[in-house]
Structure formats: C-alpha cells, structure tokens
There are 6 protein chains.
Amino acid sequence: MATATRRSNELRPIRIKRRFTRNAPGSVLLTAGGTTVLCTASALPKVPAWMEGKGRGWITAEYDMLPHSTTPRRGRERGPKIDGRTNEIQRLIGRSLRAVADLEALGERTLTVDCDVLEADGGTRTASITGSFIAAVDALHAVRRELPDPDRYPLRDSLAAVSVGIVGGRPVLDLDYEQDYAASVDMNVVMTGAGRFVEIQGTGEEATFTDDELDSLLKLARRGIRNLTAIQKQKLGRRWPW
Amino acid sequence: MATATRRSNELRPIRIKRRFTRNAPGSVLLTAGGTTVLCTASALPKVPAWMEGKGRGWITAEYDMLPHSTTPRRGRERGPKIDGRTNEIQRLIGRSLRAVADLEALGERTLTVDCDVLEADGGTRTASITGSFIAAVDALHAVRRELPDPDRYPLRDSLAAVSVGIVGGRPVLDLDYEQDYAASVDMNVVMTGAGRFVEIQGTGEEATFTDDELDSLLKLARRGIRNLTAIQKQKLGRRWPW
Amino acid sequence: MATATRRSNELRPIRIKRRFTRNAPGSVLLTAGGTTVLCTASALPKVPAWMEGKGRGWITAEYDMLPHSTTPRRGRERGPKIDGRTNEIQRLIGRSLRAVADLEALGERTLTVDCDVLEADGGTRTASITGSFIAAVDALHAVRRELPDPDRYPLRDSLAAVSVGIVGGRPVLDLDYEQDYAASVDMNVVMTGAGRFVEIQGTGEEATFTDDELDSLLKLARRGIRNLTAIQKQKLGRRWPW
Amino acid sequence: MATATRRSNELRPIRIKRRFTRNAPGSVLLTAGGTTVLCTASALPKVPAWMEGKGRGWITAEYDMLPHSTTPRRGRERGPKIDGRTNEIQRLIGRSLRAVADLEALGERTLTVDCDVLEADGGTRTASITGSFIAAVDALHAVRRELPDPDRYPLRDSLAAVSVGIVGGRPVLDLDYEQDYAASVDMNVVMTGAGRFVEIQGTGEEATFTDDELDSLLKLARRGIRNLTAIQKQKLGRRWPW
Amino acid sequence: MATATRRSNELRPIRIKRRFTRNAPGSVLLTAGGTTVLCTASALPKVPAWMEGKGRGWITAEYDMLPHSTTPRRGRERGPKIDGRTNEIQRLIGRSLRAVADLEALGERTLTVDCDVLEADGGTRTASITGSFIAAVDALHAVRRELPDPDRYPLRDSLAAVSVGIVGGRPVLDLDYEQDYAASVDMNVVMTGAGRFVEIQGTGEEATFTDDELDSLLKLARRGIRNLTAIQKQKLGRRWPW
Amino acid sequence: MATATRRSNELRPIRIKRRFTRNAPGSVLLTAGGTTVLCTASALPKVPAWMEGKGRGWITAEYDMLPHSTTPRRGRERGPKIDGRTNEIQRLIGRSLRAVADLEALGERTLTVDCDVLEADGGTRTASITGSFIAAVDALHAVRRELPDPDRYPLRDSLAAVSVGIVGGRPVLDLDYEQDYAASVDMNVVMTGAGRFVEIQGTGEEATFTDDELDSLLKLARRGIRNLTAIQKQKLGRRWPW
C-alpha cells in the first residue's frame, strides 16, 4: 500500500464523498489510506425517556465493522454480547459529538450517527469521528427549519480526530494497521476546529511513555487535525459554518 | 425516483461495480433502482466441523441491513435474537449458491458471502443473490490455484434472482418498496443462467392466488432473470464462464 | 414404517383427535404417518401494540419440536438464539392463517396457535398448518359470542398444506423423513379449501428443477390438499363452514 | 373438575400410557387429575466432558410447560433466561433419579429424561418424577444388552413423588392448582418404592409451620407414594423389578 | 481451618459486623467459619407492576458469589444464563423473608436484599439468610417513619437458617465445604426465632434417608437455629424486637 | 462526608487492608474517601488458547459494582449485555497491569484480578488499579517458586492511578462522586512508580479544554500518584520491590 513513502508527520490520502446513499440525510463515505467508513446520520424528533420534557436534544452513535472489512474476514457482531472494543468506540464517537454540541439548540430531537467500516486499515475510530461531523452537519441542515431557532447552531465548533503513536521509537501521525500493531504507544486525539481538546486517550501497549513523548505526540496530532479541519470545511462549502 | 415511467415488465436500472473494497477478494456494489447492496466474498481453507474430512467444501451467507438503509432509520440488528426475516434471507442466499455449486470442486474450503444493504427500496434479497454470484466468482478466482482441480468449476451455472408480484391486480416485475407494500401476492424467484429454477417463494399477503396468476408471475420472472444473466456475464467478461 | 407400499401420489395415513387437552379451547392431535403434532389455539382480547385501536385482530403462531420427537434426541430450543428453521416455520404458519382470515371479523383479538411436534417423520410444518386450521376453528367458536358480528366468519376459507418433492427422479406426495432427505427438490404448498394458493415454497437441494417438474409437483400437491380438506371438513362436522 | 368429592387423603385419578410416541425408547403419557405430562427418555453412550473416562454414567432431566398447558396461555420459554422455577424443577427431577441410580451399572452413558407438561393443574413436578421413572425403565431396557453387566440394574429402587400441603388448616394429599394456590404450606416429597426419602421440600407460603404439621404431611405423603408405587409396578409388569 | 476440633453438634464460630458499608441502610458482614457473606438491604417506595395499588409491599433477594470467593477462582456470573443454583438460592432467601413478613405493614415498598459471598466454605445460603434478617431490620428502621403505621412491625418474627447433614453415617450441624462434599444427605433448614419451620430442603446426594435420620437432622438444626437467634438478638440490641 | 475541607490538590484519606479474604492469594480492601473496592488476585498455570505454547503469561481483570454500592441501589449486572462502562473499566485495568508486566517472567500462567466495588463515591476505576497492584504482588508471591526464574520479577514497576478534573473552573485531584458529576473535564491517569505514563484518558463532558488546562491536570495527577506509590510501598514492606 506504499505507505512507506509517506512522511511520519503526514496524513494518509483522504477522499470524502457526501450524499453517498440517499435514505439518510447525512451520508458520507470517507477514505483515509486503506480505511473506508460510511458515516450516516439523521435527526428524529424524539429523545430517550430520561431526557423527555427538558427541551434538550441528544446525540448518539453506533459503530460496526462489516465482516469483510478485514483480511481474513472477521465474525459479524451478533449474539448476546457487544464486543468491548465496539462499545468503547461508539461511546467515544457520541461523547465527542456531544462535546461540541448545543443540545438546547437541537430541541427535543436525537441526532443518530452510524459509522460502518467497509475497509479497515487502522484509524477506523478517528476516521469515524471526522466523517461523522460532516454527516451530522448535513443531517442537521435537513431539519434546520424544525429547530427551536434555525439561526442557532446545534454544533458550536467542528470536530476531527486522528491517531498518533510511537513506532520504532519515533512519533508517527495517522497510523495504518501495521504501524498501529507495531506501536509501543498509541494515542487517539479528538479536537475542535478551534484547537481545543475533546478527548485524549493515550495507551502504552505493554509499554509506558514519558512527558516528552506525550508532548511530541500532541504536537503531531494538532498538526493532523488542522489539516482535517481544512478538508472538512472545503467539503462542506457554504454549509459550514452553518 | 421516477419509477412511475417504468413498464411493469421492465427491470429497474442496474449498476454493478466490482472490486468496490479491497480487503475481500470478491467485492461488488450492486444498485438496482433505489436499492444498493454490498456483496463481499472470500474462500478460506476450513469447513464446519460436521463436514471435515469429506473432501467437500461449503458455502454460507450472511445478510444485514445498515440502520440508515431505510427512512426512518431502523435499529441495528444486535442483541440476543436475530430477526426472523434476516435469518430467512441469509439462509435463502446460501442455499441458492449451493444449488449451483460443485462442492467437491471447492475442496475443504468455505466460501462466505456477506450481503450488506446500504440502501433499501425493495428487492434487497434478490439483489443480494444477483450480486453474490459475481462476488463469488471473483473470490473463487482468487483461490483458483489452490482448488483440487483448477479446471473444474466450483460453480456449475450462473445465478440471478428477481421479485415479481401482483399489484393492483396486475403482474409486475422487480417491485420497489411501495409496490411491494401494495402487492397482494409477492414472489421471489431464483434461477440459473440456463433457465432452471432454484427457488420459488410465493406468498399471498393476507390474500391468495390462482394457477393463472402463478403462470404470469413465473413468465415475468423468467424474463427479468434473462436480462440479469446477460448483465452479469458482461460484467464478468473473461472470468465467466470460468 | 412400511411406507414402501404407499403409492407416490397417496397421502400417509392421517388421524385427527380434537379436544386432546382441555386448557386450550382448540386442541388437536394430528398424526400423519410417523409425524405427530399437537396444535393448540386460543383467542384473547388483546392485540400487539402496533395494531391497537384499529378494530382489527391478529393471528400468530409458534412452532417447536420436543427434544425426543427425533431419534436421536435433539437439544431443546432454549438460549439466546431461536433456530432459523424454527423461525421460518412459525412465520409460515402465522402468515398462512392470516391469508384466509378476515381480521376485522376478529375484532381486537389475537388468535395464537402453538404447534408442538411430539414425533417427527417429515412434513411437520405442513401437518402443523393442517392441524392449526382445525384448532383455530375450535378456538374461534369458543369466543364466537364476543366477536363484533357472530355471523361473520373470521376465517374465509379452510386451509391445508402438504409437501411434495422429486425423489429418485419422480414426483412424490407427502414426503416422510427419508424421502425428504433423499429429495433433490422439496416443495411445500399451502392452499385453501377452494383451491387457491396461499404459499408455494420450492427449493432445489443442491439441485435445480424445470418448468415441467414444477407443473407435476403442483398437480400432486393439489390432489393431496383436496383429500386433506375433505378430512378437515368431516372432523369439524357442523362447526365448518362456521 | 369435581375434585370437591375427593377425600383429602386420596390421590387424584391416574392414567398412564406407555409408548405414547415412538421416537423415544421410553415414552409415558401420565395424567393425574387435570395434569398431563409427557415423559420421554433415552440413553446414549456419551457422558458430559467432566465425567469421561470414569466408567460411570449420568442422568439428566429437562422440564418444560407447553404454552397452552395453562389457561390463559403462558409465554413459551425462550430467550436468554430460563425461568428460575423451571430450573429448580428440572434439577430436582435429575437429582431424584440419580438418588436411586447405580451410575456404574449404566457404563459411560447418559440417560436423558424430558418432562413436557401438556396440561397443568397442580403437581406437575411430582407427576413428572413419577412418570420419569417408568420412562427411564423403558429407556434402560432398550439398551440393556449394551450395559457393562446386563444383570446389574442401573436403578436400585423405584421412585415416585407427590405433593402435600396445608389447605384451610388441614393436611391435603396431591394438591390441584386451586388447592396449591390456597395452601399455607406446600411440600413435595420424593420417595423410593422401599419407603426411603429422596427429597423433602417444604415451604411456608408467606406462612410457617410446626413440628406436628410436618409429621401429618409426611404421613400423608407416604400413603400417596405407596399407591403410586403400586400403580407403577402394575404398569411395568415384567419389566420391574428389572 | 481446624474445624476438626469442632463437635458435630456445634456451630462454626460466627462474627457479625453491622454497617459494614454506608451506601446501603442495612449492611451486614457475617462470617461463619470460613464463609463470609455481605448482606445489604434497602427499601424503596416502589413495588413490581403486578402488585401496584394493593397497598402491600414486596421482598426480593439476590445472591451471588464473587469469583475469588472460592479456590480456585470460579467464573463470574455473567452472560445470558443465570446458573440454576444461584437462582434457587436467591428465590429461597426472598421466600424465607416473606414468610416472616407482614407485607401490608410495609406499605407499597420493596425491600431488596443482596447477599454477596466474599468467601465460600459451605453454608453460604444459610449464612445469607441469617445475615439478611439483620440487614433487613436495619433497612426497615431507616424507613420506619414512612411506613403506614410505624408501630406495626413489617417483620413478625426473626429468621435464621442452618445446614445439617449426614457425614460418614452421623448427623452433623453447620457443614463446611469438605463436610458438605462428603455428606450423603444434605438439609437446609430455615426457622423463625419462635421455632416454627419456614423451609425444609432435604436432599439425598445419590443416596436416600430414613424417618429416623430425618428426625435427628431436624433436632440438630433446631439447636443450631436457637443459637443463631440468640446471636442475632444480641447484635441488634434495642432494634429487635422492633 | 466532609470532603469540603479537603484541599483541591490533596488525595482523599486512604486505608488499605491486605489479606482481607483468604481464598484468594491476593486480597486487598482499599478505601479512598467514600469508595471501597475489594481487589482479589490469583495466578493459575493456564493461558488463553491463542497464547498457548509461547512461553508467555497473560494478565486479565474483571470489574463489577455490587448493587448496594450506590444509593439508591443499582441493578445487578446480569443478562445478555455487559454494560459498556463496565467493559471499558475492566479492559483499562488489565491493560494497565500488562503495561508494567514482564509476561515472559510469568511463564504460561494467567494472573486474574477481580475488582468488586463495595461502596462507590467516585474514582472506583482508579482505586481498582491502585489496589490491584498490591493484590497482584501478593498473588505473584504465592507462586514465586513456580515461575520460570524466581528472581525475575513479573512486574517491572509499580502502578497507581488517580482521577483529576476541572470543577467550577479549577483543577481538582481525586474527585468524589459529586465533583465528578460537576466536572467539565474528567481525566484518569495511570502511572508507574518511576513516573512514566501508562494511560491518559481525558474527556470533555459536553465541554472542551486547552493545552494549559491539560498541563495543570497532569501536574496534579503526578502529585497524587507520587503519594499513592509511597503508600503502596509502605503497605507491601519487604514484598516490594520483589
């Protein structure tokens, strides 16, 4: 996949296709290197029971991998137990979107985002977040006139995510599967377009890391997210800022 | 969606893209009118425990709909129970492929096909079968040299499927969602390229039907499948016949 | 079991016992050759949530096999997953009964039919349908005075089912387990007493079939169902037609 | 059901039909008053993994109620959880049979007994035990020649069970559903033909009981079990004692 | 654990600590020999749906063993099936408490008791009952002023439980794990402080027992429960009798 | 609970009791303010199937909360789905221990740690990690002589964890439940005794945070962990360093 020629502070090539399917008002096919995610979104006028009557909305996300997104094929996620990793990822996506949301501006409405991985080559959770933001903007536009105040944005800032890690002793941006497998430290960073942190999840993989390493990783992540934010903005054109 | 102008004995427009994703050796994106299905396939050298040591292979299929394949979004199929309809469909797909297969020519190997519906507008199970055949051919080519006899085809004939039904008293080919909903009789027909039946599933929806109606429906189905077979052949080029 | 002497266009011997148990208003023990099914039915004044307030009723069915209905014993169907075959069969039974039902004549009431296989020797799903019709008539009589109009029949026609198949190259009626296992084509046909089709489910078992074979199978099925209808009528006496 | 005329120290009328179905070597339809249970049994040459290689057998039981065994119909026991009551009962049946068994005489073989309640009017667990013993004898006869020593009985004694309780202040034998519902104390007693205890389960239902009450209940139970033992012996004829 | 020096009619040493944790109004750590159970209880103003509007309360219990309560560690009870033994025990605890309760005096309120075994060395279910009574008293005191009549006791009598069994041919009180494993007969007895029976569950473990053996076991149990009742009373001080 | 008087850079009072139960070789009761966790550990000579034959060990953890650990009582975690939060936490604990482990020094052996929360007042996952380290040391000592090399430590460094957050605009160390609920940013930090990071999980709760805020939080966490490390060392005495 010729990732060898990519520099360690560069993102993998990105392609984004909006309106990939038509039954969902937000539908984004995002490809980053060998990873492809379909992010779809819609907003229905209903909130979970515990939120009813508060005049606020809710945002939730689901994440799944198609069985043939990997080689060899992995089992389809069915049966009594949701895999722990799946759960962590979909909770992360929902929480990240809520961190930039103005839930009151949504009214009593739930924005639901689905991230289905069609091809997996590392970074599926961060690609899901980056794509979800675009799908969310499109889904919210579709209900704009039904919002309590059509001029009040239910999203306060844009949102993008990238992975960074220490591979062979050096900090690397946007790890593919092989790099992720080899990394001693693996970190997912979610930031807003304005450069504020939403989530930092740094993990030593049977290893630990120092303050200095943390600093370099955060610097790389910030650089990657700046690029992703620019791409998002260009793709959304007049739709963002709202 | 302008299906109004389609004649009742015409198929909806079809688009087929092979190699849509790269992690599966067979990967087909098939669009028929407003229905889009991703069919992926691969063949691994392993059979279910009850088949081991017999020198024969196996073919199995899974079917699922992405939540945003419909408007409004439907719940993701998770949790303890697989929906009955899902189960019926994936059993049908697997059985249909096995009906045209030469399982001995496969050797001890399982061909697994996944049909994931990205957009649903009627006919998802028949589109899945039509697309699966192409994905299966590609997946089998990928392991051709590992077969017991590379010149013996594990597929004896091509396979396609179409729905027919009685809508407003008249037989109609290739029903979209609205037509399917309005139909008093609904029939799915699976046939081989040579024109032999593989499956006939005809159901009165709180209604019944006569011998004559059955005849007209089967005639329509045969016509539709002839067209689908021609398209499959053209798409596969030199790969089919094997 | 001496089925060898039966001709290929004859039904297996049938015995039907109404009121086999007393806690259900409809309770039919039906034996067809080596297959015995207990069909019980009752109608309670409650419909599923999605049907409430429409003034119409609903019909649903469940199917199960006792563990010792087969040799050797099969596992009891418990645990998180309902077997796909079980699901298909119980959906078929419910759908077939609804096809001959006048759900408005039922009022807001659910007719529930249980088919529990005590002995299995092929044809358990068709025996279940044939027996269910009788149990349903008895269960509906028990609530006749509570119907919106006691003179309007909630069942518009009688219902029976039979299997047919191609065994050793010849069409055969009412397959027992061994014949079913050997069959290249297996078809279940559900028809009304008036001779209209309700369901046709024909399947090549790793095989395919022609138009002519389809015709012979349907002719045989029609003959078998004529006999079953006569037996049902005789057993129900004054209760049917209603 | 005219149980009013029965005296409080009398059993309800009992009917026992052996060989009710043919696919299980032991198959007993036992009716006690308004309760009908089908007990089936077979013995296969396989033991649970934790018992392998010890030269001993195992006995296990399953219990279930058909949905229409009660009025109104109860839900079918499916889905992720087995009901606690079901579990208690099937553990009791298995444990009781094992208490009179010579598991070494069985060889490495599992006797499996299924008790399926077709009609429930109280005492289904005790009827299940009483019927299971007969089904077990028949199932063991079917494999007699395959036992380590055909002259060594895998069952050392016969087994029967009955319920007793305090209803309206008085001890009553063999409670039907209404009596069971009204009882302040409810006790199930399992004994051998030789008059030894296997299980005593006495429960105050939001009530408690004294030593004297316990004595009267045990006396009644002993009387009932003597009668049941005589009936079992007569039904089994030359088969018991083995 | 030096249980060898204990006489066969003596209880194992008991320690009881009330208010072991603070988030539950009743919280009792009970140690009996090598068995330690944490019993916690609280009473919330809510009853199960089927009890609403009757002015009566309800009592329910749950029981679980921590994985490291045994050597070697046992699997944590998760997943679709609750173990049959767990179910039996928690049903027994709830039923025992209800037998001494005045559910009307509770008002529409549910007392929930949790028994979590921290260390298991036999007798965990009886220790759970003995400890639950104390936790229940404390939990009820916490809501005393909210009861329909603060002077009417929701508990009519105290409750304690002990195991007895026949080990090596002799009756033994309060079996530890090794004794329980070796016992031919195992009996759990639940009694009130006033000496009335609540539950008797006697089981032959692949063995049976006589009337005389039953008598000796009940005598031993009565002796043990007298001691436990005295300890409970002393621990509760002015709280009991209420 | 008088946490008001604690300064924002101080830990809550900690108590640690080793050998709290006896069936597990490592058993630590750790109380931090109003949070109490029982951490138990043992190491058995068996690894998961996918690790067999590699000469390396494995470390795994489970986490659960007793129902009465909170007010009001929460439901017991049973049934088909493990809660997403539970899953995240137990994966975090296992991963953290593995980060400081020398899995080859373990040999083919699995160290299993259970963290059961008896009382919850914030910080249960960090208390679990801090306590697990001590339980792990004790469990490893119990098998020291069975390790491939008794002088090679299976743990390379000590491990402790603490939560920090931004509450009312200010950084706070070791949040209790109320502080956690009020926090706009919540971060869990796991570090080694030598001051290296193992995990950083920082989350904006419907909020975001800056680089500067991140710095202050990390500084606070480092201070807390220094204290926890000192306490661990003192409690373990001669057992650590190994």
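These remarks concern the structure in this document. Along each chain, the written sequence defines residue order, and numbers are assigned to residues from 1. Naming scheme: in the order in which they are written, chains are lettered from A and ligands are numbered from 1. For a predicted model such as this one, the threshold for reporting local features is a pLDDT of at least 70, and the threshold for listing and counting side-chain atom pairs is 80 or more; totals across whole chains, interfaces and linings nevertheless cover every residue. Here the side-chain values reflect all heavy atoms present in the structure, with hydrogen atoms and water set aside.

**Observations regarding the pairing of strand β6 (residues 159–167) of chain E**
All names here are of chain E. To keep things clear, this is the line we draw: The buried label applies to any residue whose accessible area, calculated with a 1.4 Å probe on protein chains only, is under 20% of its type's maximum; exposed applies above 50%, and partly exposed to all values in between. Comment: elements are numbered from the N terminus, with helices defined as DSSP H or I runs of at least four residues and strands as E runs of at least two. Any two strands with at least two DSSP bridges between them are considered paired.
Of all the nine residues making up β6, nine are buried; the element is thus mostly covered by neighbouring parts of the structure. Here β6 shows a buried face lined by L159, A161, S163, G165 and V167 and a second buried face lined by A160, V162, V164 and I166. Two elements, β6 and strand β8 (residues 185–192), share eight bridges in a ladder whose sense is antiparallel. Its bridge partner being in β8, G165 is matched across the sheet by D186. Judged from the four bridges that link them, β6 and strand β7 (residues 170–173) form a sheet pairing that is antiparallel. From the neighbouring strand, V167 faces β7, where its bridge partner is R170. What sits between β6 and β7 in their antiparallel hairpin is a turn of two residues, with G168 showing a positive phi close to 55°.

**Some thoughts on the relation of the copies chain B and chain A**
Spelled out, the test is: In this comparison the copies share one frame, found by least squares on the C-alpha atoms of residues holding pLDDT of at least 70 in both. The contact definition used throughout considers only heavy atoms, calling two residues in contact when any of these lie within 4.5 Å.
Rotating chain B by 180° and translating it 0.0 Å along the rotation axis places it on chain A, where the RMSD comes to 0.0 Å. Put plainly, the chains are arranged around a two-fold axis. A shared binding surface is used by both copies, with 100% of the interface residues of chain B retained as interface residues in chain A.

**Observations concerning the sheet that holds strand β1 (residues 14–18) of chain C**
Residues and elements named next belong to chain C. For the record, the criterion: Each axis is a line fitted through C-alpha atoms, taken for helices only over the stretch in contact, and angles between the N-to-C directions span 0 to 180 degrees.
The mixed open sheet is built from five strands, whose spatial order is β1-β2-β3-β5-β4. Each end of this open sheet is capped by a strand with a single partner; those strands are β1 and β4 (58–65). This sheet shows a mean twist of 15° between the axes of neighbouring strands, independent of strand direction. In the sheet, β1 pairs with strand β2 (residues 26–32) via five bridges, with the strands oriented antiparallel. Its bridge partner being in β2, R18 is matched across the sheet by V28. Helix α1 (residues 84–99) rests against β4 and β5 (110–119) of the sheet, and its axis sits at about 145° to β4.

**Concerning the interface of chain B and chain A**
Accessible area lost upon the coming together of the parts serves often as the stated size of an interface. The line we're drawing: Buried area: the accessible surface (1.4 Å probe) lost by two parts on joining, summed over both. We define a salt bridge as a side-chain nitrogen of Lys or Arg found within 4 Å of a carboxyl oxygen belonging to Asp or Glu. Here the term charged refers only to Asp, Glu, Lys and Arg, the term nonpolar to Ala, Val, Leu, Ile, Met, Phe, Trp, Tyr, Cys and Pro, and the term polar to all other amino acids, Gly among them.
Counting from both sides, the interface comprises 39 residues of chain B and, opposite them, 39 residues of chain A. The junction of chain B with chain A conceals about 3,100 Å² of combined surface from both sides, 46% of it contributed by carbon and sulfur atoms. The tally of links from chain B across to chain A stands at 14 salt bridges. One salt bridge connects R73(B) with E62(A), and the closest N-O pair in it is separated by 3.3 Å. Looking at which element gives the most residues to the side of chain B that touches chain A, the answer is strand β5 (residues 110–119) of chain B, with six residues. Broken down by class, the residue content of the side of chain B that touches chain A amounts to 15 nonpolar, 14 polar and 10 charged.

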